[in-house]
Amino acid sequence: AQKVTQAQTEISVVEKEDVTLDCVYETRDTTYYLFWYKQPPSGELVFLIRRNSFDEQNEISGRYSWNFQKSTSSFNFTITASQVVDSAVYFCALSESGAQKLVFGQGTRLTINP
Amino acid sequence: EAGVAQSPRYKIIEKRQSVAFWCNPISGHATLYWYQQILGQGPKLLIQFQNNGVVDDSQLPKDRFSAERLKGVDSTLKIQPAKLEDSAVYLCASSPMTGGELFFGEGSRLTVL
């Protein structure tokens, strides 16, 4: 069965600090997809990134970067030089190849203080 | 391109009453999902449609929840009778392809008193 664990319930940092959100997943499939979504106070889930299990190359998009390590079943998300607008709940999710559905972690509430 | 539309945005009902939520996915998206998000938790899948057929409803409390997707486009999710623990945000999402990203609507927030 697929499972996603986000051990950090809440994180609070001061603006401009770097912050890493952890994600550990479990799956028996060899083909799967990993996702990160952002949920601002408005409530809508905003897609950030999708990785497939065969692509372990790290990704950088502006201030955001993702570190995918199959050896530790982790898909961590780092925000560099955080800003107040980054404050939100962030969800990591997993989709197995045949299932299509996303299984979400519990989420990490990130607060960036000015 | 229009996003996933949901209504109503907010609904307050008494326990044992019924409620229905509506979702219009992004045009051309074959797969539609209903998720339940209880406060402080991650979204949990209730039901998944592929066109107008059910793919996965293993976590849908079928004694009180029902969902349909007529003609493979719009979908409705109904709760009857509602319980206090049904208070949550009901999120609709659609996807054009297997393994692709899900596009979410703004959700329908239900409060059961």
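Summarised in this report is the structure supplied together with it. (Residues numbered from 1 in each chain as written. Chains lettered and ligands numbered in written order. Predicted model: local features only at pLDDT ≥ 70, side-chain atom pairs only at ≥ 80, totals over all residues. Heavy atoms only, no water.)

### Description of the interface of chain B and chain A
On the side of chain A, 19 residues touch chain B, which itself brings 23 residues to the contact. Both sides of the chain B and chain A interface together cover about 1,700 Å² of buried area, and 48% of this is carbon and sulfur. Across the chain B-chain A interface, the total number found is 1 salt bridge. One salt bridge connects K101 of chain A with D56 of chain B, and the closest N-O pair in it is separated by 3.2 Å. Inspection of the chain B/chain A interface yields 4 residue pairs in polar contact (both at pLDDT 80 or more). (Contact = heavy atoms within 4.5 Å. Buried area = accessible area lost by both parts, 1.4 Å probe. Salt bridge = Lys/Arg side-chain N within 4 Å of Asp/Glu carboxyl O. Polar contact = N/O pair within 3.5 Å; in protein donor to acceptor, adjacent residues only side chain to side chain.)

### A closer look at unusual backbone geometry
Along the chain, S7 of chain B connects to P8 of chain B via a cis peptide bond; the corresponding omega equals -10°. Position of P8 of chain B among the secondary structure elements: in the loop between strand 1 (5-7) and strand 2 (10-13). The step from Q80 of chain B to P81 of chain B runs through a cis peptide bond, and the omega angle for that step is -5°. As for its position among the elements, P81 of chain B is in the loop between strand 8 (75-79) and strand 9 (88-95). A positive phi angle, close to 85°, is found at K16 of chain A, a residue other than glycine. K16 of chain A sits in the exposed class, given a relative accessible area of 70%. (Helix = DSSP H or I, 4+ residues; strand = E, 2+ residues; numbered from the N terminus. Buried < 20%, exposed > 50% of the residue type's maximum accessible area, 1.4 Å probe, protein only.)

### Brief notes about the environment of T20 of chain A
All names here are of chain A. On the secondary structure map, T20 appears in strand 3 (residues 19-21). Taking relative accessible area as the criterion, T20 reaches 33% and is therefore assigned partly exposed. C-alpha of T20 to C-alpha of Y64: the two residues are 44 residues apart in sequence and 9.9 Å apart in space. Dropping the residues within four chain positions of it, T20 is found in contact with Q8, I11, N76, F77 and T78. Within polar-contact distance, the side chain of T20 engages the side chain of T78 at 2.8 Å.

### Description of the environment of V112 of chain B
Residue and element names in this part refer to chain B. Checked against the element boundaries, V112 lands in strand 11 (residues 108-112). In this structure the C-alpha to C-alpha distance between V112 and K11, which are 101 residues apart in sequence, comes to 8.5 Å. In this view, V112 contacts I13, E14, K15, A82, K83, L84, D86 and S87; residues no more than four positions away in its chain are not counted.

### A look at the environment of L32 of chain B
All names here are of chain B. If you trace the backbone, L32 turns up in strand 4 (residues 31-37). L32 gets classed as buried once you look at its relative accessible area, which sits at 0%. Sequence-wise, L32 and G107 are 75 residues apart; in three dimensions their C-alpha atoms are separated by 14 Å. If sequence neighbours within four positions are ignored, L32 has contacts with C23, P25, I47, Q48, F49, R69, V73, S75, C92, A93 and S94.

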